[in-house]
Amino acid sequence: MTSHKKVLICSLFSSFFMVATAQAQLYKSVGPDGKVTYSDQPPANQKQVEKKNLPGIAESNNFPPELAIVVAKNPVTLYTATGCSPCNDGRNMLKAAGVPFSEKTVNTAADQEKLKQVSGDTQMPLLVIANVKFRGYSADEWKDAISKAGYPSSNKLPKDYRYPQAEPASPPPPPPAPKAEPARPAQPATKKPDTGFQF
């Protein structure tokens, strides 16, 4: 291996390490040839740039480089429901495998409608890896899908990592903004009484 190649490899590794530990965010750019590149720095002179925050970064920004890149390219979302035993099994499997994921709960009619929009039906759990959907829990199928997506074969999450809190699949609308008080009419200026004197 030539010294130039060694320098290039070291440079790439250093760049990936900075993505995981320093910035905790990646910039996705698409070159003229259609090649997709991920970097911790926005590329110069390129218009097609997408900034990605990695899930769960608020709790930890110490993802190892190989995991940080996979999380950015193939994010994982899990749809679950209360009292769903297969959902619990799927969640536990992902955590045991060290796969960072965001969880969406389906407990209301609005949540079910959102799930239908995403998957076409209401079968749960629903695992979404990038744009690929897996309905129902199958340990073998999920493990195979995670492996094909590029996730490490063993748990690489930092010990201090905390999974983000589950959120409703269809979050309630924000409360209406408080109504502004109507403007008070301007008080007319008091006119001094005319005393007949002029100054």
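See above for the structure.
Residues numbered from 1 in each chain as written. Predicted model: local features only at pLDDT ≥ 70, side-chain atom pairs only at ≥ 80, totals over all residues. Heavy atoms only, no water.

(A) Quick peek at the overall build of the protein chain. When helices and strands are counted, the protein chain shows five helices and eight strands. Scanning the protein chain from its N terminus toward the C terminus, one meets helices and strands in the order α-β-β-β-α-β-α-β-α-β-β-α-β. In the protein chain, once contacts between residues fewer than 6 apart in sequence are set aside, the share between residues at least 24 apart is 60%. Summed over its atoms, the accessible surface of the protein chain is roughly 13500 Å², and 54% of this surface lies on carbon and sulfur atoms. (Helix = DSSP H or I, 4+ residues; strand = E, 2+ residues; numbered from the N terminus. Contact = heavy atoms within 4.5 Å. Areas by Shrake-Rupley, 256 points an atom, 1.4 Å probe, with all protein chains shown as cover.)

(B) How the structure looks around the packing of helix α3 (residues 85-97) against helix α5 (residues 139-148). Packing of α3 against α5 leaves a shortest axis separation of 11 Å and a crossing angle of 35°. In this structure, the crossing between α3 and α5 has a hand that is right-handed. Facing α3, whose interface residues are G90, M93 and L94, α5 presents A139, W142, K143 and I146. For the contact of α3 with α5, the class distribution of residues is five nonpolar, one polar and one charged. (Axes fitted to C-alpha atoms, helices over the stretch in contact; angles between N-to-C directions. Left-handed = near helix turned anticlockwise from the far one by under 90°. Nonpolar A, V, L, I, M, F, W, Y, C, P; charged D, E, K, R; others polar.)

(C) Expanded view of the side chain of R91. Summarising the element assignment, R91 is placed in helix α3. A residue is classified by how much of its surface remains accessible, and R91, at 17% relative accessible area, is buried. A polar contact is formed between the side chain of R91 and the side chain of N88, at a distance of 2.9 Å. For R91, the contacting residues outside a window of four places in its chain are L78, T80, F101 and E103. (Buried < 20%, exposed > 50% of the residue type's maximum accessible area, 1.4 Å probe, protein only. Polar contact = N/O pair within 3.5 Å; in protein donor to acceptor, adjacent residues only side chain to side chain.)

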